[in-house]
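# A look at the structure
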2 protein chains.
Amino acid sequence: MKGYYKLDEWNIIEEVFSAEHHEASESIFSIGNGAFGQRANFEEKYSGETLRGSYVGGVYYPDKTRVGWWKNGYPEYFAKVLNAPNWIGINLWVANQEVDFFTCKVSAFRQELNMQKGFLFRTAEVTLPDGKKIKLESTRFCSLVDTEIGFIKYNVTPLNFSGELSFEPYVDADVENKDSNYDEKFWDEVSRTVHPKRGLVTAKTKKTEFVVTTGMEFWIENNNQEITISPIELETEKFISNKFNITAQKDQTYSLYKAGTYVSSFNHDEEKLEEIAFNNLELAKSKGFETMLNQQAAAWAKRWEFGDIKIEGDLAAQQAIRYNIFQLHQTYTGDDARLNIGPKGFTGEKYGGSTYWDTEAYCFQFYLSTAGERVAEQLLKYRHNQLQKAIENAQKLGFKNGAALYPMVTMNGEECHNEWEITFEEIHRNGAIAYAIYNYTNYTQKTEYLFNYGLDVLTGISRFWAQRVNWSEAKQKYVMLGVTGPNEYENNVNNNWYTNYIATWTLRYSVESFAKLKAENPVKYTEKLKELNLTEEEFTQWQKVVDNIYLPEDKNLGVFLQQEGFLDKELIPVSQLDPAERPLNQTWSWDRILRSCYIKQGDVLQGLYFFEHEFDKETIRKNFDFYEPLTVHESSLSPCVHSITATYLGKNQQAYEFYLRTARLDLDDYNKEVHEGLHITSMAGTWLSIVEGFGGMRIKDNTISLDPVIPGHWKSFSFNVLFRSHTLKINVTEKGIYVTNHCNESLDIQLKSNLISLGAEETKFIPS
Amino acid sequence: MKGYYKLDEWNIIEEVFSAEHHEASESIFSIGNGAFGQRANFEEKYSGETLRGSYVGGVYYPDKTRVGWWKNGYPEYFAKVLNAPNWIGINLWVANQEVDFFTCKVSAFRQELNMQKGFLFRTAEVTLPDGKKIKLESTRFCSLVDTEIGFIKYNVTPLNFSGELSFEPYVDADVENKDSNYDEKFWDEVSRTVHPKRGLVTAKTKKTEFVVTTGMEFWIENNNQEITISPIELETEKFISNKFNITAQKDQTYSLYKAGTYVSSFNHDEEKLEEIAFNNLELAKSKGFETMLNQQAAAWAKRWEFGDIKIEGDLAAQQAIRYNIFQLHQTYTGDDARLNIGPKGFTGEKYGGSTYWDTEAYCFQFYLSTAGERVAEQLLKYRHNQLQKAIENAQKLGFKNGAALYPMVTMNGEECHNEWEITFEEIHRNGAIAYAIYNYTNYTQKTEYLFNYGLDVLTGISRFWAQRVNWSEAKQKYVMLGVTGPNEYENNVNNNWYTNYIATWTLRYSVESFAKLKAENPVKYTEKLKELNLTEEEFTQWQKVVDNIYLPEDKNLGVFLQQEGFLDKELIPVSQLDPAERPLNQTWSWDRILRSCYIKQGDVLQGLYFFEHEFDKETIRKNFDFYEPLTVHESSLSPCVHSITATYLGKNQQAYEFYLRTARLDLDDYNKEVHEGLHITSMAGTWLSIVEGFGGMRIKDNTISLDPVIPGHWKSFSFNVLFRSHTLKINVTEKGIYVTNHCNESLDIQLKSNLISLGAEETKFIPS
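Parameters and conventions
Residues numbered from 1 in each chain as written. Chains lettered and ligands numbered in written order. Predicted model: local features only at pLDDT ≥ 70, side-chain atom pairs only at ≥ 80, totals over all residues. Helix = DSSP H or I, 4+ residues; strand = E, 2+ residues; numbered from the N terminus. Rg over C-alpha atoms; globule rule 2.2 N^0.38 Å. Buried ≥ 20, exposed ≤ 12 C-beta atoms within 10 Å, placed from the backbone. Contact = placed C-beta atoms within 7 Å. Expected span 1.5 Å × (residues − 1). Pairing = 2+ DSSP bridges. Axes fitted to C-alpha atoms, helices over the stretch in contact; angles between N-to-C directions. Core = buried A, V, L, I, M, F, W, Y, C linked by C-beta atoms within 7 Å. Parallel < 35°, antiparallel > 145°, perpendicular 65-115°, else oblique. Left-handed = near helix turned anticlockwise from the far one by under 90°. pLDDT = per-residue confidence, 0-100. Domains from an automatic or database assignment. Nonpolar A, V, L, I, M, F, W, Y, C, P; charged D, E, K, R; others polar.

The next subject is the overall build of chain A. Regarding its fold elements, chain A presents 20 helices and 33 strands. Expected size for 768 residues packed as a compact globule is a radius of gyration near 27 Å; at 27 Å, chain A falls within 12% of this value. For chain A, the C-alpha atoms occupy an extent of roughly 85 × 60 × 60 Å along the three principal directions. Scored against the burial criterion, the 768 residues of chain A give a buried share of 54%. Considering only contacts within chain A whose residues lie at least 6 apart along the sequence, 67% involve residues at least 24 apart.

The structure is reproduced here in structure tokens:
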């Protein structure tokens, strides 16, 4: 699909209508506001292949798939991201002929996602079977300011006739999930109300009993004058609409304004939902479309002011990084500590649940550096709030004494995924959650979160690791058996280097953090130990595991072993694979993948990325040179980490190639699956590739350091990072680097090999 | 449940009616004839917990369980054993009160499974709400002679009144599976016909489109005189019945005779099913119940003549072994090479599919020695007939050049199970299929099957093994990565000793067998090579794998390692486990089981059982002493093999304990799951425990050898084996051993350390 969308700095543009690409474009042009979001479905009927999808944050369905061989300890359910009621729908008829892009002739089509201002625009000329032709223009957004409201301006202009247009704006809760078993529907109606130009449907999800009121308010204007209409009120179960006709004049534009709202029991008392929905619709109508669109643009301008990355000399790269940043901000705003960053955000239904280790391993740094400490804290609090459920989850698996295993996938803290090799064994996720606490503390140098909350989480996780290892008499070492590492193309392996490393790193960091608290605040330290029922003997045991862990390596090759026995595999580089067999997960059986040497995403290399500061460059290079050629990068999360490490190792061309694979993964549909939704969490990896990769940003010895290189044919690139009280602007050009410290305090930064002092609001230029 | 059923030589007896035990008894008293079978459901209504189940051989449903994480290469479906239309039903009312054991008062209850004659008998006195009391007697069998016919004699005697009895014999195809997803039903009606005293329902299974006509024919007698009745013909979708009343006299017995038939498109043209069904019903009526019951008893007598095992001094053991033999013969008769031995036979729905490696590993020897070579050949042919599908199955997994992987579970040769760790990795099953060919050839010394058909199967399997190993540079050996051994409490392990051993044994046996053919018949040898597109270079490669396979062992301990890394586990014997945590699969999470040392069923020890002749006794003893204490025997297939090896090692008390666990597994419901159906395939293991265990039967150097010991407090035991043209009767007493050679040819047998020559029809006594 490369080249299908037009390159542009600030917009994603589709210039022809293609039924074949329709579902992909529905994903690509998705809009959202952190509270809800929707695929870029057309407002009017579309009878071709489509995935109609609207999604409301926090609302899910606990699906049970009954299979005969359930394993003991499996979770109760598998969380489905639920397709929510649709408020965007507007059926349209021209002289009783229904407008349907799949069956009508469509010309002059253009669809644009305006990332600068945060709206979706579509225009087209549509010829009906009898030859009548109209121009259609739709502008739609999900408000970042009033987060329960969305708005549509839907313009219709007869081009070659005067005559009757019929409209039917509606709210439809009779929706289904694409992946539902046996076409089951998940919403039951609670009530519905239809008035002229207004209506609500209140529906409740089965099992989880989330109640959502979905409302609409509309009116129609011509020449900025509201037209008087007499709509027929229609209703069936879970559905309300208004239907009305107008007599339209040739070349006159008729604007149907439709505000929509979602009001959910996730946020409000169930009894008040309808009242609040009406208030929201009133608010939308009183503000009006243009005012709300301006507020939307202003809200986006603020996000871009700190969060933008500019690239000169590479329009594809420029567009892509903005697209990635835009989608991340559409998905998560940090306003609600109960929400998180689903792998598909509000753009599709694949993968259940909203929270994966992706959040801590890939997204956390992005929000910390571009949305600020408060948003990052919300992400940390999300896990702290779910600590008790993580402890219960570990108990189900036989762990004791407050050991915590965070779920692989969750909506509310409960595990909701059930492949044993993932659910029970991909336990390294626990390490990433601990790492985010370290990352935040190291970045901010604030210990308040760590001492008040972080230690609780670190203790639960450390207790898990200390119980999960066992002493091997044969090796005279602690070993960790039966795990799945980040490379999910291996299951149930022994002594995965990454897992063993991050486990003992957690134990080390926990012991150090408690020691720090003891030194800084002995009273609080004693209180914390009491609160957590911890003794210093437990620290001794943790340290014993740290000191005696088995970390597989091959000294001759100078590499760590992904797991025991890795060198028994046939080690044939990916470059020698038949391209027709790629991606392997679409052509090879699972056992063949498992016993092959091929790596889905970095495993040892993920560890060397996280813990770069604990290894010398030569070690990292040897491991990169050994493992990268065996890596198929069939996870969207793979290329970014490799891009960063490649830059670190001076492999700039390779780093740039990895960057493009991550940045334009969805826009160019590398994995041929964008129609199912976007890869939201991996988009943060794109940002990391630029800021930590090409920008070389690290926090070392309490100082921010930069080591920029300009990749490929770029002329320059610039990015901002929020660092403590400072907003740093970094502009990397061929001639040199400009660094600006927007702050009323000075800051020392490490720039390549120089320590530079930047005064308040000072810019410095360091020539290449 | 120990002691619930009364001990008896030839019968299984239940002396009280217990709603709590009802589902278990429905399993225990199951009857069948190899072509169809049924649980011991009551004929009349039963409103308590019940699993109504009738099953027709070869008829299945390909269920799809949609889960989001399907692995590439998975089979199309998961085969469900289908609950078939019910012909046994007879609703009964006494003065308009429905007879229902769950709600009525039941006394003088007795249920008997007559194993000698092959029928099910039930009697009870039932008191209706108004105080009326009847005696009920039901006798039912599935005919071994006319295998599409079953028969019921249903006696009702008013005990304290004269008055109206109403009967409604019916055929019901509106049945469902207990484990169906979302209560889906699997049968659609094709047609139905109802006449006075006769009726048919023809129904078709969804997806697989098996058509089955189920018919009934009935009449009612008093004092051997048919009573004239005027039944009302009733029908609804998938259901037909007759309803009629009689005025019954106190103390008079009214016998409703009901014949049933299943006629299936599995055996006949679809168009002829109804005609054949009517013919069957005519046949049943003309033969009559008593004649058919006598024929049934005669057919069973013939089976017992050769297949019985007599035990003196241990009634529990005597009853149990007969029960096991009886159920095996009810499940599989060898009449149809398309059928096989389902793990639950015709007694339940759990586990999909009909054929597992259980057939070759546990059942084959039983049928070979008690039902004869022809039946054993049918089992071999079953696999030969499915060779092409096994080759296709291997192709789906990426294997080439005619490599064959037989399915883990199948109905018709296609794989129909989908857990990757089983489907793709429990490949040792291929070895058991090769072993059965060896076993048959070694036992019979006939090479015809081997040379004509067996070599085809051996070649497919050998090609699989040769491709499934890979060369390890690190070890300088061939290794086999990513397998699941017989101990399913380990998944995806490397170098499972059992799998590596049986794989290279297969390669060895194939090479030897081809060499033997070459020596005996060079022309045929050349033809076979051509037919199979084989070259001698391929043999060289196979031999290279044999010579260079990696077989993990620990020389210090003197044991083979179940798999690489086994000694990294915590090795705590089962005896130290908390009994409250047993069985582990009901209390431990899967990952905990996987990383523990606990063994579900023999793995290394299964190999040492199969290949006992290739190891010295001391090696077997060391491995037994190492692994058995770590074995939880949570597979029904586990105790029998351990019983045999324990006897071999002189651990007689332990052997006897294992024997009881296998023999009375269902009768005493050791695993608390008999309500789901019987463990049919493991029943063959009980036979093995006696014949190969206590009897010590082996085939060595072309001679049958025996090495009997009397276990526990038995006084004597005797068994027969069909060996080539001989029927050997072996009676082991405290005083000595009687061996009889029923044959017109003499035979040399090895009895303990003596080679004994037995003339035709000669009995010899060898004192202890």
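Read on, since the account is not over.
The next subject is helix 6 (residues 373-385) of chain A. Residues and elements named next belong to chain A. Across its 13 residues, helix 6 extends 18 Å between first and last C-alpha, which sits within 8% of the 18 Å expected from 1.5 Å per residue. For helix 6, every residue scored as buried is listed here: Ala376, Glu377, Gln378, Leu379, Leu380, Tyr382, Arg383 and His384. Taken together, the buried residues of helix 6 touch helix 5 (358-370), helix 7 (387-396), helix 9 (429-444) and helix 10 (448-468).

We now examine the pairing of strand 19 (residues 239-248) of chain A. Residue and element names in this part refer to chain A. Both strand 13 (residues 163-172) and strand 19 contribute to a ladder of eight bridges, which runs antiparallel. By the bridge assignment, Asp172 is partnered in strand 19 with Phe239. Adjacent in sequence and paired antiparallel, strand 18 (residues 232-236) and strand 19 are bridged by two residues, among which Lys238 carries a positive phi angle near 65°.

Now for helix 19 (residues 652-663) of chain A. In this model, helix 19 of chain A (twelve residues) spans 16 Å end to end at C-alpha, consistent with the 16 Å of a helix rising 1.5 Å per residue. Within the sequence span of helix 19 of chain A, burial applies to Ala655, Tyr656, Phe658, Tyr659, Leu660, Arg661, Thr662 and Ala663 of chain A.

The subject of this paragraph is the sheet that holds strand 21 (residues 309-312) of chain B. Residue and element names in this part refer to chain B. Overall, antiparallel pairing links the five strands, which are arranged 21-28-29-30-33 in an open sheet. The open sheet is flanked by strand 21 and strand 33 (763-767), the only strands paired with a single partner. On average, adjacent strands in this sheet sit at an angle of 15° to one another, irrespective of strand direction. Judged from the six bridges that link them, strand 29 (residues 726-733) and strand 30 (residues 736-742) form a sheet pairing that is antiparallel.

With that settled, consider the nonpolar core. Grouped together as the largest cluster of nonpolar side chains are 428 residues, with contacts concentrated most on Ala394, Ala404 and Leu405 of chain A together with Ala394, Ala404 and Leu405 of chain B. Residues contacting Leu405 of chain A, with those up to four places away along its chain left out, are Ala390, Asn393, Ala394, Leu397, Phe399, Ile427, Asn430 and Phe464 of chain A.

Before going further, it helps to examine unusual backbone geometry. A cis amide bond links Arg582 of chain A to the next residue, Pro583 of chain A, at an omega of -15°. The topology assignment puts Pro583 of chain A in the loop between strand 25 (559-560) and helix 14 (584-587). With a phi angle near 65°, Asn224 of chain A is a residue other than glycine that sits in the positive phi range. Tracing the backbone through its elements, the reader meets Asn224 of chain A in the loop between strand 16 (211-222) and strand 17 (225-226). Phi at Asn533 of chain B takes a positive value of approximately 55°, unusual for a residue other than glycine. The residue Asn533 of chain B is located in the loop between helix 12 (522-531) and helix 13 (536-547) in this model.

Working note: a packed helix pair is described by the angle between its axes plus the distance between those axes. All names here are of chain B. Direction vectors running N to C along helix 10 (residues 448-468) and helix 11 (residues 497-520) enclose 140°, while the axes themselves pass 9 Å from each other. Accordingly, the angle class assigned to the pair helix 10 and helix 11 is oblique. Crossing geometry of helix 10 relative to helix 11 is assigned as left-handed. Residues Leu450, Phe451, Leu455, Leu458, Thr459, Ile461, Ser462, Trp465 and Ala466 of helix 10 pack against Ala503, Thr506, Leu507, Tyr509, Ser510, Ser513, Phe514 and Leu517 of helix 11.

Residues and elements named next belong to chain B. Pairing is mixed across the open sheet formed by four strands, whose spatial order is 26-27-31-32. The two strands at the open ends of the sheet, each matched to only one other strand, are strand 26 (698-700) and strand 32 (754-758). For this sheet the average axis-to-axis angle between neighbouring strands, irrespective of direction, equals 35°. Pairing of strand 31 (residues 747-751) with strand 32 involves five bridges; the strand directions are antiparallel. Residue pairing in the sheet places Leu747 in a bridge with Leu758 of strand 32.

So, on to the confidence of the model for chain A. When the pLDDT values of chain A are averaged, the result is 95; 98% of them are 70 or greater. In the predicted complex, the global pTM is 0.92; the interface-specific ipTM is 0.89.

Residue and element names in this part refer to chain A. Both faces of strand 6 (residues 78-81) are covered, namely the face carrying Phe78 and Lys80 and the face carrying Ala79 and Val81. Note: strand 5 (residues 60-63) against strand 6, four bridges, orientation antiparallel. Counterpart to Tyr61 in the pairing with strand 6 is Lys80.

Further remarks concern the domain arrangement of chain A. Residues and elements named next belong to chain A. In terms of domains, chain A is made up of domain 1 (11-64 + 77-305), domain 2 (310-369 + 661-768) and domain 3 (372-386 + 417-632). Here the C-alpha centroids of domain 2 and domain 3 sit 24 Å apart. Between domain 2 and domain 3, the contact holds 18 residues from the first and 23 residues from the second. Among the residues forming the side of domain 2 that touches domain 3, the class breakdown is eight nonpolar, seven polar and three charged.

This part covers the packing of helix 11 (residues 497-520) of chain A against helix 13 (residues 536-547) of chain A. Residues and elements named next belong to chain A. Direction vectors running N to C along helix 11 and helix 13 enclose 140°, while the axes themselves pass 9 Å from each other. The angle between the axes of helix 11 and helix 13 places the two elements in the oblique class. Along this stretch, helix 11 crosses helix 13, giving a crossing that reads as left-handed. Residues Thr504, Leu507, Arg508, Ser510, Val511 and Phe514 of helix 11 touch helix 13, and the partners they reach there are Phe539, Trp542, Gln543, Val545 and Val546. When the residues that make up the contact of helix 11 with helix 13 are grouped by side-chain class, the tally is seven nonpolar, three polar and one charged.

Residue and element names in this part refer to chain B. Looking at the element boundaries, Pro552 is found in the loop between helix 13 and strand 24 (553-554). Between the alpha carbons of Pro552 and Val194 there is a distance of 67 Å; along the sequence they are 358 residues apart. Setting aside residues no more than four positions away along its own chain, Pro552 makes contact with Asn495, Trp497, Phe560, Leu561, Gln563 and Glu564.

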